[in-house]
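# A look at the structure
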Amino acid sequence: MQSEVASYLTEHHYGVQDLTERSDLHYFLYLRDSARPLLDVGCNVGNLLSIDTEHSVGVDVDPKAIEICRQRGFTAEVVDLNGPLPFADGTFGTVHCRHVIEHVWEPMQLMREIRRVLRPGGRLVLLTPDFRYAFRTFYDDHTHLRPLTEESLRRLALDSGFADFMIQHEVSRVGLRQLVRRGTVSPALGARLYHLAYRLGIRQRKTMLLVGTAA
């Protein structure tokens with residue numbers, strides 16, 4: 001059993017990838033034109049940081065993941081995401097928070113901290129499961145603590161100071177990210193196909209995407 005856990009963590013959790021803005025469709029869609037510096041909350045081993053190392057900072061609760069980040073030459077530190085973020089008000093132009101907020105005890109605390117460290121006009125890009133559709137598998141991840149729905153995420157955003165935001169379900173079951181990652185299609189074509197799939201209703205409703213602007 002211990003060898004199975006180690007294999008899972010090594011393959012899925014600590015897997016290192018060197019990405020570029022042309023190899024990651026998510027980055028191309030939501031982050032390549034956003035203001036810098038960028039904070040990646042829950043950065044893990046720093047795969048997102050590898051795209052724009054000079055202007056990106058990562059935080060994570062996992063010391064081993066942060067050690068890997070630092071070995072890769074990235075700026076990252078261990079932070080308890082249930083407490084304050086160790087940055088001054090208005091430090092960042094963009095905050096990225098992907099599948100992290102469901103792992104903390106107090107989502108409001110984290111959202112307010114994200115809002116605090118964003119400068120006015122800064123962008124938040126956040127992803128989390130939609131419990132209405134992901135409830136059967138949500139607790140398969142034993143580190144999941146607080147499920148959210150589209151309505152609870154909307155209220156959370158409003159109550160933490162984000163008045164300008166949109167929430168939508170991701171298009172992530174059509175293989176576009178893999179095609180872009182492999183270089184089979186360009187990120188620009190991938191983005192066009194992504195938006196077309198969204199308009200056609202081809203959505204993976206288990207994952208919500210929130211993109212918000214700090215007032």
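Residues numbered from 1 in each chain as written. Predicted model: local features only at pLDDT ≥ 70, side-chain atom pairs only at ≥ 80, totals over all residues. Heavy atoms only, no water.

### Quick notes on the overall build of the protein chain
Looking only at helices and strands, the protein chain has eight helices and seven strands in total. At 17 Å, the protein chain has a C-alpha radius of gyration in line with the 17 Å of a compact globule built from 215 residues. By principal-axis analysis of the C-alpha atoms, the protein chain measures approximately 45 × 40 × 40 Å. Classification of the 215 residues of the protein chain by burial places 47% in the buried group. Total accessible area on the protein chain stands at roughly 10,900 Å², and carbon and sulfur atoms take up 51% of it. Across the protein chain, the mean location of the 26 positive side-chain charges is 8 Å away from that of the 26 negative side-chain charges. (Helix = DSSP H or I, 4+ residues; strand = E, 2+ residues; numbered from the N terminus. Rg over C-alpha atoms; globule rule 2.2 N^0.38 Å. Buried < 20%, exposed > 50% of the residue type's maximum accessible area, 1.4 Å probe, protein only. Areas by Shrake-Rupley, 256 points an atom, 1.4 Å probe, with all protein chains shown as cover. Lys, Arg positive; Asp, Glu negative; His and termini not counted. Charge placed at Lys NZ, Arg CZ, Asp CG, Glu CD.)

### Details of the side chain of R115
As for its position among the elements, R115 is in helix α4 (residues 107–117). As a buried residue without a salt bridge, R115 has its nearest oppositely charged side chain in D89, at a separation of 8.4 Å. The residues contacting R115, other than those within four sequence positions of it, are S160, G161, F162, A214 and A215. (Salt bridge = Lys/Arg side-chain N within 4 Å of Asp/Glu carboxyl O. Contact = heavy atoms within 4.5 Å.)

### Observations concerning the packing of α4 against helix α6 (residues 150–159)
Packed helices, taken two at a time, are described by the angle their axes make and the gap between the axes. In the contact formed by α4 and α6, the axes pass within 9 Å of each other and the chain directions differ by 45 degrees. When the axis of α4 is compared with that of α6, the two are oblique. Remark: the crossing between α4 and α6 carries right-handed chirality. In this structure, α4 contributes P107, M108, M111 and R112 to the contact, and α6 contributes L156, A157 and D159. Its residues assigned to classes, the contact of α4 with α6 comprises five nonpolar, no polar and two charged. (Axes fitted to C-alpha atoms, helices over the stretch in contact; angles between N-to-C directions. Parallel < 35°, antiparallel > 145°, perpendicular 65-115°, else oblique. Left-handed = near helix turned anticlockwise from the far one by under 90°. Nonpolar A, V, L, I, M, F, W, Y, C, P; charged D, E, K, R; others polar.)

### Side note on the side chain of S50
Tracing the backbone through its elements, the reader meets S50 in the loop between β1 (38–41) and β2 (56–60). Of the residues examined, S50 reaches a relative accessible area of 14% and is grouped as buried. There is a polar contact of 3.0 Å between the side chain of S50 and the backbone nitrogen of L19. Residue contacts for S50: discarding those within four places in its chain leaves Q17, D18, L19, R72 and F74. (Polar contact = N/O pair within 3.5 Å; in protein donor to acceptor, adjacent residues only side chain to side chain.)

### A look at the sheet that holds strand β4 (residues 92–98)
Read across the sheet, seven strands follow the order β3-β2-β1-β4-β5-β7-β6 without closing on themselves; strand pairing throughout is mixed. Each edge of the open sheet is held by one strand with a lone partner, namely β3 (76–78) and β6 (164–170). Strand-to-strand, the axes of this sheet are offset by a mean angle of 15 degrees, without reference to chain direction. Running at roughly 160 degrees to β3, helix α3 (residues 63–71) makes contact with β2 and β3 of the sheet. (Pairing = 2+ DSSP bridges.)

### Focus on a nonpolar patch on the surface
Taken together, the side chains of V174, L189, L193, L196, L200 and I202 make up a nonpolar region of the molecular surface, amounting to roughly 460 Å² of accessible area. Structurally, the position occupied by I202 is in the loop between α8 (187–199) and β7 (204–213). Accessibility expressed as a relative area gives 39% for I202, which makes it partly exposed. (Patch = residues over 30% accessible without salt bridge, like charges linked within 9 Å, V, L, I, M, F, W, Y side chains within 5 Å.)

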